[in-house]
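# Observations on chain architecture
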Amino acid sequence: MMDLILWRHAEAIEARDGEDDLQRALTPRGEKQAARMAAWLDRQLPEGLRVLASPARRTEQTARALGRKFKLRAELLPGGNPDELLELVQWPGARGAVLVVGHQPLLGQTVARLLGMREADCAIRKGAVWWLRQRQRQDVAQTVLMAVQSPEFL
């Protein structure tokens, strides 16, 4: 059994002309979103969890709110693709749980692929978490949606 928890970064400042997109920081509202979601996650997450984040400033800030060690991975930068994300986390073969802090549309595309949806059908709100589980039932691999949580509802 493997859990894949996808956490979209919280609200960030809008990009300005000539500004490096990767340096955009969280807004004060985004900091609150990250803190609320981190508190919820901290109560839910299993021991031995691996945490991976995009090296963009807004994702680092979101991941830091959780207060756990995390690794920055370039595969999770904006413009990444679901194949790279799934290879990075070793889905579905790894055991345990992996939390990925990243960006839209990559996270939505990954969820869509795993749940058999069209990529355009799955948008993940800023600061929200989608929790998926890979399990075997009667020799059939299944992807189960365990939880969807948004910071606005905490």
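Residues numbered from 1 in each chain as written. Predicted model: local features only at pLDDT ≥ 70, side-chain atom pairs only at ≥ 80, totals over all residues. Heavy atoms only, no water.

### As for helix α4 (residues 106-115)
Structural remark: α-helix, 3.6 residues per turn; residues separated by three or four positions point the same way. Here is the rule: Type-normalised accessible area, obtained with a 1.4 Å probe on protein chains alone, sets the label of each residue: buried when under 20%, exposed when over 50%, and partly exposed for intermediate values. The secondary structure listing takes helices from DSSP runs of H or I that are at least 4 residues long and strands from runs of E that are at least 2 residues long, numbered from the N terminus. Here, residues are in contact when the closest pair of their heavy atoms is within 4.5 Å.
Most of α4 is tucked away, with eight of its ten residues classed as buried. Of the positions making up α4, those classed as buried are L106, L107, G108, Q109, T110, V111, A112 and L114. Residues of α4 that are buried make contact with β1 (2-8), α3 (82-89), β4 (96-102), β5 (129-137) and β6 (140-149). Immediately beyond the C-terminal end of α4, within one or two residues, lies G116, with a positive phi of roughly 75°.

### So, the environment of A34
Mapped onto the fold, A34 is located in helix α1 (residues 28-44). The spatial distance from the C-alpha of A34 to the C-alpha of A141 is 33 Å, given a sequence separation of 107 residues. Discounting chain neighbours no more than four positions away, the residues touching A34 are W7, A10, L26, T62 and A65.

### Comments concerning the pattern of salt bridges
Where charged atoms from two side chains of opposite charge approach closely, those side chains can pair. The condition is simple: In the sections that follow, a salt bridge refers to a side-chain nitrogen of Lys or Arg positioned within 4 Å of a carboxyl oxygen of Asp or Glu.
According to the stated counting rule, one finds eleven salt bridges in the structure shown. Measuring nitrogen to oxygen at the nearest pair gives 3.1 Å for the salt bridge that ties D21 to R58. With D21 in the loop between β1 and α1 and R58 in helix α2 (residues 57-64), this pair connects stretches of sequence that are 37 residues apart. Residue classification places D21 among the partly exposed positions, given a relative accessible area of 28%. In this structure, E152 engages R125 in a salt bridge whose closest nitrogen and oxygen atoms are separated by 3.9 Å. Of this pair, E152 sits in the segment after β6 while R125 sits in the loop between α4 and β5, placing them 27 residues apart in sequence. A cluster of three or more residues bridged by salt bridges with shared partners is formed by E11, R29, R125 and E152.

### Observations concerning unusual backbone geometry
Between W91 and the following residue, P92, the backbone shows a cis peptide bond with an omega angle of 0°. The residue P92 is located in the loop between α3 and β4 in this model. The omega torsion across Q104 and P105 is 10°, close enough to zero to call that bond cis. Positionally, P105 belongs in the loop between β4 and α4. Of note, Q90 is a non-glycine position whose phi angle comes to about 65°, a positive value. With respect to the helices and strands, the residue Q90 is situated in the loop between α3 and β4. Accessibility expressed as a relative area gives 49% for Q90, which makes it partly exposed. With a phi angle near 60°, D139 is a residue other than glycine that sits in the positive phi range. Take D139: it is sitting in the loop between β5 and β6.

### Points about the nonpolar core
Rules: Nine residue types can take part in a nonpolar core, namely buried Ala, Val, Leu, Ile, Met, Phe, Trp, Tyr and Cys, and a core is a set of them joined through side-chain atoms within 4.5 Å.
Ranked by size, the top nonpolar core spans 23 residues in total, and within it L4, L6, L85, V89, W91, V100 and V111 carry the most contacts. Filtering out sequence-adjacent residues up to four positions away, V100 remains in contact with L4, I5, L6, W7, L52, L76, L85, V89 and L107. Counting 17 residues, the second-largest nonpolar core is a separate cluster that includes W7, W40, L45 and W131.

### Here's the deal with the pairing of β6
Rule in force here: Whether two strands pair comes down to DSSP finding at least two bridges between them.
Of the pairings in the sheet, the one linking β5 to β6 comprises nine bridges and is antiparallel in character. Bridging from a neighbouring strand, Q136 pairs with A141 of β6. Counting the residues between successive antiparallel strands, the hairpin from β5 to β6 contains two residues, one of them, Q138, with a positive phi of roughly 50°.

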